[in-house]
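# Results of the structural survey
Residues per chain, in single letters:
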Amino acid sequence: MKYVFGLLSLVVVLAIVSSLMKTQLHALNGSSVTRASAAAAAAAQDEPRAGGDRDGATYAIPGGVPGAVAGVSNALTVPQQSQNLQQLARDRTTQALQKGMARNAGADR
């Protein structure tokens, strides 16, 4: 009897986990983002949308911001952004250390 309840509870837990995985994977797949055809986009341009201008392409993005537009194509590359962030972190760390040294020198007087 104990074996049957253990097996039954395992099956229930596996069903719940698989259901959750299915919904999460469905949210990540391309099926959650719909794109309009040229005819549908032209027809949709006649009526203003409540969420603002979305460039006529994307209608639904889970967790997306209404009225969001695509990023700038001439932006920095990922390695350049990484280097900029690293340099910014170095500069801020140096500034913080210098402020701390100045504060300690002022406290010693």
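Rules of the game
Here the residue numbering is sequential within each chain, running from 1 through the sequence in written order. Side-chain atom pairs in this predicted model are given and counted only at pLDDT of 80 or more, local residue features only at pLDDT of at least 70, and totals for whole chains, interfaces and linings cover all residues. Hydrogens and water molecules were not included; the side-chain quantities draw on all heavy atoms of the structure. Every helix listed is a DSSP run of H or I at least four residues long, and every strand listed is a run of E at least two residues long, numbered separately from the N terminus. For the area figures, the Shrake-Rupley method with a 1.4 Å probe applies, and any residue is considered shielded solely by the protein chains shown. Confidence of the predictor at the level of single residues is captured by pLDDT, which takes values from 0 to 100. Any pair of residues with heavy atoms lying within 4.5 Å of one another is described as a contacting pair. Surface patches are defined over residues having more than 30% relative accessible area and no salt bridge, joining like charges when they lie within 9 Å and nonpolar side chains (Val, Leu, Ile, Met, Phe, Trp, Tyr) when within 5 Å. Whenever a carboxyl oxygen of Asp or Glu lies within 4 Å of a side-chain nitrogen of Lys or Arg, that contact is scored as a salt bridge. Exposure categories follow from relative accessible area, calculated using a 1.4 Å probe and restricted to protein chains: below 20% of the type maximum is buried, above 50% is exposed, and the middle band is partly exposed.

Another point: the overall build of the protein chain. Helices and strands together make up the secondary structure of the protein chain, namely three helices and zero strands. In the protein chain, the order of α-helices and β-strands from amino to carboxyl end is α-α-α. Summing over all exposed atoms, the protein chain offers an accessible surface of approximately 9600 Å²; the carbon and sulfur share of this is 62%.

Here we come to the confidence of the model for the protein chain. Detailed reading of the predicted coordinates is not advisable wherever pLDDT falls low. Overall, the prediction assigns the protein chain a mean pLDDT of 76, with 58% of residues at 70 or greater. Averaged pLDDT values for the elements of the protein chain fall to 62 in helix α2 (residues 38–46) and rise to 92 in helix α3 (residues 78–108).

With respect to the helices, strands and loops of the structure, L76 is situated in the loop between α2 and α3. Among residues more than four places away in sequence, those in contact with L76 are Q81 and N84.

A cluster of nonpolar side chains, contributed by M1, F5, L8, V12, I16 and L20, occupies part of the molecular surface with about 670 Å² of accessible area. Position of M1 among the secondary structure elements: in the segment before α1 (2–28). Looking at M1, the relative accessible area reads 72%, which means it is exposed.

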